[in-house]
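# Secondary and tertiary structure notes
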Amino acid sequence: MWAFLASECLLFGALISTYLLYRGKTIPGTPTAKEIYDIPYTSVSSFVLLMSSLTMVLALASIQRGDQQKLRAWLMATALLGMTFISGQVYEFTTFVKEGLTLKTNLFGTTFFVLTGFHGVHVTVGILMLLSLVGMSLDGRLPVEKSEVVELVGLYWHFVDIVWIVIFTVVYLIPTGK
Amino acid sequence: MAAVVQDQVELAPRRSIFARPTATHGVWSWVTTVDHKRIGILYGVSSIFFFLVGGSEALLIRLQLARPNGTVVSAEQYNTLFTMHGLTMIFLVVMPLSAAFFNYMGPLMIGARDVAFPRLNAFSYWAFLFGGLFLYSSFLLGGAPAGGWFGYAPLSEQPASHMQFYALGLLMLGIASTVSAVNLAVTVINMRAPGMSLFRMPVFVWMTLVVQFLLIFALPVLTVGLFELFFDIRFGTNFFNFTKGADPVLWQHLFWLFGHPEVYILILPAMGIVSEVLPVFARKPLFGYPVVVFSGIAIGFMGWGVWAHHMFAAGLGPVANSAFALSTMFIAVPTGVKIFNWVATLWGGAIRFKTPLLFSLGFIAMFIIGGLSGVTHAVVPADYQQTDTYYIVAHFHYVLFGGSIFGLFSGIYYWWPKITGRVLSDSLGKLHFWLMLIGFNVTFGPFHILGLQGMPRRIYRYSPFAGWNFWNFVSTVGSFMIAVSILVFLYNVVRTQRRPKLAEADPWDARTLEWITTSPPPAHNFDEIPVVHSVDEFWHRKYAEDREGRLAPVIAGASDGPDSASGGEPHVRPGRPEAGGVVGLAGDVDGGGQEGRGDEYAEAEQGDGHGDGPGGQHGKGHKIHMPSPSYYPIVAALGLPILGYGVLYSWFLAADGVLILLAGLFGWANEPSAEPEPEHAPAGAE
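Counting restarts for each chain: residues are numbered from 1 in the order of the written sequence. Each chain is given a letter, starting from A, and each ligand a number, starting from 1, according to the order in which they appear as written. Reporting in this predicted model follows two pLDDT cut-offs: at least 70 for local features of residues, and 80 or more for side-chain atom pairs to be given and counted; totals over whole chains, interfaces and linings ignore these cut-offs and use all residues.

### Quick notes on the overall build of chain A
Scanning chain A for helices and strands turns up six helices and zero strands. The helix and strand sequence of chain A, counted from the amino end, reads α-α-α-α-α-α. Along the first, second and third principal axes, the C-alpha atoms of chain A reach 60 × 30 × 25 Å. Here a residue counts as buried when 20 or more other C-beta atoms sit within 10 Å of its C-beta, as exposed when there are 12 or fewer, and as partly exposed otherwise, the C-beta atoms being derived from the backbone. Per-residue burial over chain A gives 38% buried out of 178 residues. Whether two residues are in contact depends on their C-beta atoms, placed from the backbone: they are in contact if these lie within 7 Å. Sequence separation of at least 24 residues holds for 83% of the intrachain contacts in chain A that already meet a minimum separation of 6. Where helices and strands are cited, they refer to DSSP runs of H or I of at least four residues and of E of at least two residues respectively, numbered from the N terminus.

Structure representation (C-alpha cells):
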C-alpha cells in the first residue's frame, strides 16, 4: 500500500503542478477562482473529511480490540462522512456549472474540475472499500487476525484526506490575486 | 452465518458463485494461472509477438525511405507507422520482455516460491495484453495513433492523429506496469531467502528493484499527462489549448518527466542481465559488485534530474538548458563505471564464447557507441543541430536496440534452458548474433551520418537532391539483415522445442540460485528454500578456493557451515568439471515435466534416489501450499478495455466496463489466495 501511495503522490503532485502552472493565466472574461469560490462552504466540507480520518482511526482501534460492532459503526461513520463530503463536492460542482464554469470554459475550470474530480473519484473508491469492509465484518470474515486489511484501507483513506488538505490549501486558500 | 460474539468471530464458510479453477494443463490453466513462471512465459511470448509486429512496421518504414520520394506508403500511413513502431517497441516489447525476466527469474534468484501478490501479477499481465490489443484495435476503428510516440500536444490533439487510443492504451499499460512494480518491489524487499541480505542479491535483482521504483514514480506523471491529453480530445478541456492561455510546454515537461526515467527503465534490466552473464562465461565474479549496484541506484536517482535535455530546443532559456546539460553529462558517469566494471570482470577470465556472452559483449560495444552519441547531445549547441534529425534516431536505437534488445537476447539464450529444459543451438545462436550485429550496424550506423547531413526525423519522403540517397538505401539493406537474423532465431526456437527436455539444472555452471533447482523448476520452485551465505551463493556451494586461490570443487558431503545442521540446504553436489554432468537437485524427478506441475500441493521428496550428501532427510509428503489459480485477475483486467471503448463510444459500455472491473476486484478480494487442502495429511510438517 505504501508503494502504491507513493505513486499516488506523484499523480496528485503532477495534477497540482498543472493547476499551479496555470493559476492566474486564465484569460479574463470567464469565471475565476476568486469570484466563484465559497470558502466557508468548502471549509465545512473539509472538516467533514478530516473528521472521517478520526473515525477511521477509531475503526482500526476497534478491530484491534476485537470489537466487531464498534468496527462496523466507525467504518460506517467514516463512509457516511465521506459520502457527505462527496455530496458537498457534487453540490459545489453543480453550482459552479450553473454560474458558468465548466471543464471547457477556461484554464481554471479545466484544471480545477480535473484536480478535484480525481480526488473525488479517489474518495469514492475509498468509500466502496469501507463499505466492503463493513460487509466482510457482517459476514464474519474480519477477525482480529485480519486487522491489517483495515489498517491498509485506513492508510489509503488517510492519504486521500491528506491530499485534500493540500488541495484545499493550494487551490482554495492561497489567493491568486486575480 | 457466523455467530457474532465479541472476540470470537468464527470465519463463515466462503460462498462463491463460481468454483475455483483447478486446471493444471491446457489453455484454461494458462488463463487462470498465478504462477510467476507461467506469467513470465506469457509476457515473453507476447513480447516476441509484438517484436515481430513492431519490426514489420520498421521494415515498412525502411522500404518507404529506401529511395527518395518513396511511394510505399502515404504520409498519414507513415506517421502511423513510426508512432506505432515506437510505442510497440518501447511499451509492448522491451518493457514486457524485461517483465518476463523479472517475473520468471526474480523470485527464483531470491530463493522465493512466487511473488508477493500472485493474482496481482496475473492481472498485470492481462492488463498489459489487453492494453496492447486495445492500442492495436485502433487500426480497425478509425485509424491508429499517428502523433508520434511522445505525442506532443496540441498537435497530437488533432483528430487526424487518433491519439485517444494512444492515451487510453498507454493508461491501461501504465496500470499494468504500476501494479506490477508494487508487486515486485514488495517481493524483493520482503521475500528473500534466509541469509540473503540486499548486498547478497544478484545484480539483476538489484536492477529489477531500482526499475520498480522508477516505474512507481514515473508512471503517474505520464498518467496525468495522458489524462489531460485525453480530456482535451474527448471532453474539450483546455490543458493544451493555447487559445485559452494554455502552455504546450506543459505536455513536454509532464511527458519527459516520465520519459527520461522510462529510458532507464528500459536499459537497467538489460544491464542487470549482462551483469549476470559476464561472470558466468568468464568464470570470474563480477568485478566491483557494490559499485555496480550503487551505480545502478545512482542512475535511478539521477535520471530524475535530466528530463529537459529532451527539450533543449523548446525555448526554456540558457539557464535551464545549462543546468540540464550539466546533469546529463554527470549521469554518464555511473554508466561508465558499470562498463569499466564489466570489462574488468572479463579481464583475465576463462572466457567461453557462447551465445549469451556474445550478446552481452554486443551490448557493451553498442551501448558504448550509443552512450557516446548521447554525450554529444548533452552539449546544448551541438544538440541544436542534432535534435529532430536522424542523429538522435541513431543514438536511441544504439542504446535501445544495441543495448536493451541485445541484453535481452543475452538473457533469452542464457535462461532458455532454465525455462524450457532445452538449450538453444549455439551455432544458430552465433549466426543470429553476427547477422544481427552486422545488420544492426548497417541499419543504424548511417543514421549518424544522415542526421549530421541534415535529414530530419519523421519525414515520409525526401528529395533526391538532398544527398541522402546512398545511406538510406544501405540502411534499408541492413534492416532486412536484421529481419533474417530474427528468422534464424525463430527457427532455432522451433527446432529446439522439438527436442526432448534434457537440460540439467545447471548447464552453464552458473552462480545464482535459480540454477540450483531443476530445468524447468517445479511449481514450488525449490524443494527447500536455500539459506544464503554470500553473493553468488550457488557458486560458493560448488567451488571453494584452495590455498593458492585456485578453484576447487567442493566435495559432496563436505560441511556446508553451520547451517547444514538445520537441514535447510539442498544437497551439495560434486563440483562440476567442464564437461561433466551435474546431479540435479533432488525433488521431482520429472521436474522437467510440463512447465512445473501447477499443483497446489507439491510433494517435496528430498533425497529420493539421488543419494548424495547430508542435509536432507525430510519427511515424505511434506506439502508446500502454493497460491491457487484464479480467474478474477483476467476478469478484472477485461473491464479495462471495455471501459476504454465505452469512454470513446458509449457511456453504457463504460458503465459495463466499470462493473466488470469492480466485480473482478470484489471476487478477488473475497477469495483466499490459496484454497485449503481438502484433507490434511496426518503426518507431514505443515
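### A short note on the overall build of chain B
Regarding its fold elements, chain B presents 17 helices and six strands. Within chain B, the proportion of its 686 residues that are buried is 53%. In chain B, once contacts between residues fewer than 6 apart in sequence are set aside, the share between residues at least 24 apart is 79%.

### Thoughts on the confidence of the model for chain B
Residues and elements named next belong to chain B. Mean pLDDT over chain B works out to 86, with 86% of the residues at or above the 70 mark. Per-residue confidence from the predictor is reported as pLDDT, a score between 0 and 100. Per-element confidence in chain B ranges from a low mean pLDDT of 37 for strand 5 (residues 601-604) to a high of 97 for helix 13 (residues 426-452). Throughout residues 559-621 the model reports pLDDT below 50, and contacts reaching past four residues in sequence, or to other chains, amount to 142 contacts. Under a pLDDT of 50 for its full length, residues 680-686 has, in the predicted model, ten contacts with residues more than four places off or in other chains. Confidence metrics for the complex model read pTM 0.87 and ipTM 0.90.

### Looking at the interface of chain B and chain A
The extent of an interface is frequently quoted as the accessible surface area lost upon association of the parts. Contacts between the two partners involve 34 residues from chain B and, on the opposite side, 29 residues from chain A. Put simply, the parts of the chain that give the side of chain B that touches chain A at least two residues each are helix 5 (163-190), helix 6 (203-235) and helix 7 (249-282) of chain B. Tallying contributions element by element places helix 6 of chain B first for the side of chain B that touches chain A, with ten residues. A breakdown of the residues in the side of chain B that touches chain A according to their chemical character gives 22 nonpolar, seven polar and five charged. In this count, Pro and Cys sit with the nonpolar residues alongside Ala, Val, Leu, Ile, Met, Phe, Trp and Tyr, while Asp, Glu, Lys and Arg are called charged and the others, Gly among them, polar.

### Describing the packing of helix 3 (residues 75-109) of chain B against helix 6 of chain B
To characterise two packed helices, one gives the angle between the axes of the helices and the distance between these axes. Residues and elements named next belong to chain B. Between helix 3 and helix 6, the least distance of the axes is 10 Å, while the angle of their chain directions is 120°. Judged by the angle between their axes, helix 3 and helix 6 are oblique. The handedness of the crossing between helix 3 and helix 6 comes out as left-handed. The residues of helix 6 that touch helix 3, namely those facing Phe102, Met105, Gly106 and Met109, are Phe204, Val205 and Thr208. The residue inventory of the contact of helix 3 with helix 6, partitioned by class, reads five nonpolar, two polar and no charged. The convention used is that axes are lines fitted to C-alpha atoms, helices contributing only their stretch in contact, and that angles between N-to-C directions extend from 0 to 180 degrees. Throughout this description, any angle smaller than 35 degrees is read as roughly parallel, any larger than 145 degrees as roughly antiparallel, any in the 65 to 115 degree range as roughly perpendicular, and the remainder as oblique. Note on convention: near helix rotated counterclockwise from far helix by under a right angle means a left-handed crossing. Clockwise means right-handed.

### Examining the environment of Asp67 of chain A
Structurally, Asp67 of chain A can be placed in the loop between helix 3 (39-65) and helix 4 (68-98). Along the chain, Asp67 of chain A and Ala77 of chain A lie ten residues apart, while their C-alpha atoms are 15 Å from each other.

### Let's talk about the domain arrangement of chain B
Residues and elements named next belong to chain B. Examined at the domain level, chain B breaks down into domain 1 (37-497), domain 2 (518-627) and domain 3 (634-670). Boundaries of every domain are those given by an automatic assignment or by a domain database. Here the C-alpha centre of domain 3 lies 30 Å away from the C-alpha centre of domain 1. With eleven residues of domain 1 at the contact, the number on the domain 3 side is ten residues. Looking at the side of domain 1 that touches domain 3, the elements that each hand over two or more residues are helix 4 (118-137) and helix 5. Here the side of domain 1 that touches domain 3 is composed, by residue class, of nine nonpolar, one polar and one charged.

### Quick word on helix 8 (residues 289-302) of chain B
All names here are of chain B. Between the first and last residue of a helix there are one fewer steps than residues, each counted as 1.5 Å, and that sum is the expected span. Its 14 residues give helix 8 an end-to-end C-alpha distance of 20 Å, which sits within 8% of 20 Å, the value for a rise of 1.5 Å per residue. All buried positions along helix 8 are accounted for by Tyr289, Val292, Val293, Ser295, Gly296, Ile299 and Gly300. Summarising the axial view, the buried residues of helix 8 lie within an arc of 155°, below the 170-degree limit, and thus occupy one face. To be clear, the arc concerns the directions from the helix axis to the C-beta atoms.

### Brief notes about the packing of helix 6 of chain B against helix 8 of chain B
All names here are of chain B. With their axes 10 Å apart at the nearest point, helix 6 and helix 8 run at an angle of 15° to one another. When the axis of helix 6 is compared with that of helix 8, the two are roughly parallel. Helix 6 and helix 8 meet at a crossing whose hand is right-handed. In this structure, helix 6 contributes Val203, Trp206, Met207, Val210, Phe213 and Leu214 to the contact, and helix 8 contributes Tyr289, Val292, Val293, Gly296, Ile297 and Gly300. Here the residues of the contact of helix 6 with helix 8 are counted per class, giving ten nonpolar, two polar and no charged.

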